[in-house]
Amino acid sequence: MSITLEQANTAVAAALAKASEMKLKPLTVAVLDAGGHLVALQRQDGSSILRPEIAIGKAASSLALGLSSRKIAEMAADRPSFVASLGPLSRQGIIPAAGGLLIFGEGPHPVGAIGVTGDLSDNDEAAALAGIAAAGLKAEPQT
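Residues numbered from 1 in each chain as written. Predicted model: local features only at pLDDT ≥ 70, side-chain atom pairs only at ≥ 80, totals over all residues. Heavy atoms only, no water.

> If you had to explain the overall build of the protein chain to someone new, which residues and values would you point to?
The number of helices and strands found in the protein chain is five helices and four strands. Overall, the protein chain shows an N-to-C arrangement of helices and strands of α-β-β-α-α-α-β-β-α. Taken over C-alpha atoms, the radius of gyration comes to 14 Å for the protein chain, in line with the 15 Å a tight globule of 143 residues would show. Taking the principal axes of the C-alpha coordinates as reference, the protein chain spans close to 35 × 35 × 20 Å. (Helix = DSSP H or I, 4+ residues; strand = E, 2+ residues; numbered from the N terminus. Rg over C-alpha atoms; globule rule 2.2 N^0.38 Å.)

So, in structure tokens, the structure goes:
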């Protein structure tokens, strides 16, 4: 199973609504399906021009390594050479900063991933979590 367009659009809208509620800087939100293909992307007015690539990169990083981008950042602190070497291997790069999360449905395998960028990484992640929840999905596997 993979995330649907309706679920992806709901996640994006909810993440942006959370950003407005929290009065965050302009965000960009990307949702990828389980195969790493872009399903939905929106950027708020004023979001800088590299933000789409960063949002996609955060989501793709999570899918590539099976971890949140926050955990990838922790890994980078412990093994910087290893994480740096992964970037050239990934078409979308590896972004070791919070804001990229795997998305799960009913089963133990991800149905996609979300990437949010534009504010502090903790705030990006809060918006991503709000998006996942609004779509009726989870950020942790269901076993």
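> Quick rundown of the pairing of strand 2 (residues 38-43)? Include the residues and the values.
As defined by bridge partners, strand 1 (residues 28-33) adjoins strand 2 across five bridges and the pair is classed as antiparallel. Paired with A30 across the strands is L41, a residue of strand 2. (Pairing = 2+ DSSP bridges.)

> Describe the pattern of salt bridges, with residues and values.
If you walk through the whole model with that rule in mind, you get four salt bridges. E21 is the partner of K18 in a salt bridge, and the nearest nitrogen-oxygen pair spans 3.3 Å. Remark: E21 and K18 occur in helix 1 (residues 5-22); sequence separation between them is three residues, near one turn of the helix. For E125, the salt bridge identified is with R70, shortest N-O distance 3.0 Å. With E125 in helix 5 (residues 121-134) and R70 in helix 3 (residues 69-78), this pair connects stretches of sequence that are 55 residues apart. Through salt bridges with shared partners, a single ionic network connects R70, D122 and E125. (Salt bridge = Lys/Arg side-chain N within 4 Å of Asp/Glu carboxyl O.)

> Which residues make up helix 1, and what are the values?
Helical geometry note: an α-helix holds 3.6 residues per turn, so side chains three or four residues apart project in the same direction. Over its 18 residues, helix 1 runs 26 Å from end to end, which matches the ideal 26 Å to within 8%, given 1.5 Å per residue. Those residues of helix 1 that sit buried are Q7, A8, A11, V12, A14, A15, L16 and A19. Buried residues in helix 1 make contact with strand 1, strand 2, strand 4 (110-117) and helix 5. Positive backbone phi, approximately 55 degrees, marks K23, located one or two places after helix 1. (Expected span 1.5 Å × (residues − 1). Buried < 20%, exposed > 50% of the residue type's maximum accessible area, 1.4 Å probe, protein only. Contact = heavy atoms within 4.5 Å.)

Honestly, it's all geometry; don't read function into it.
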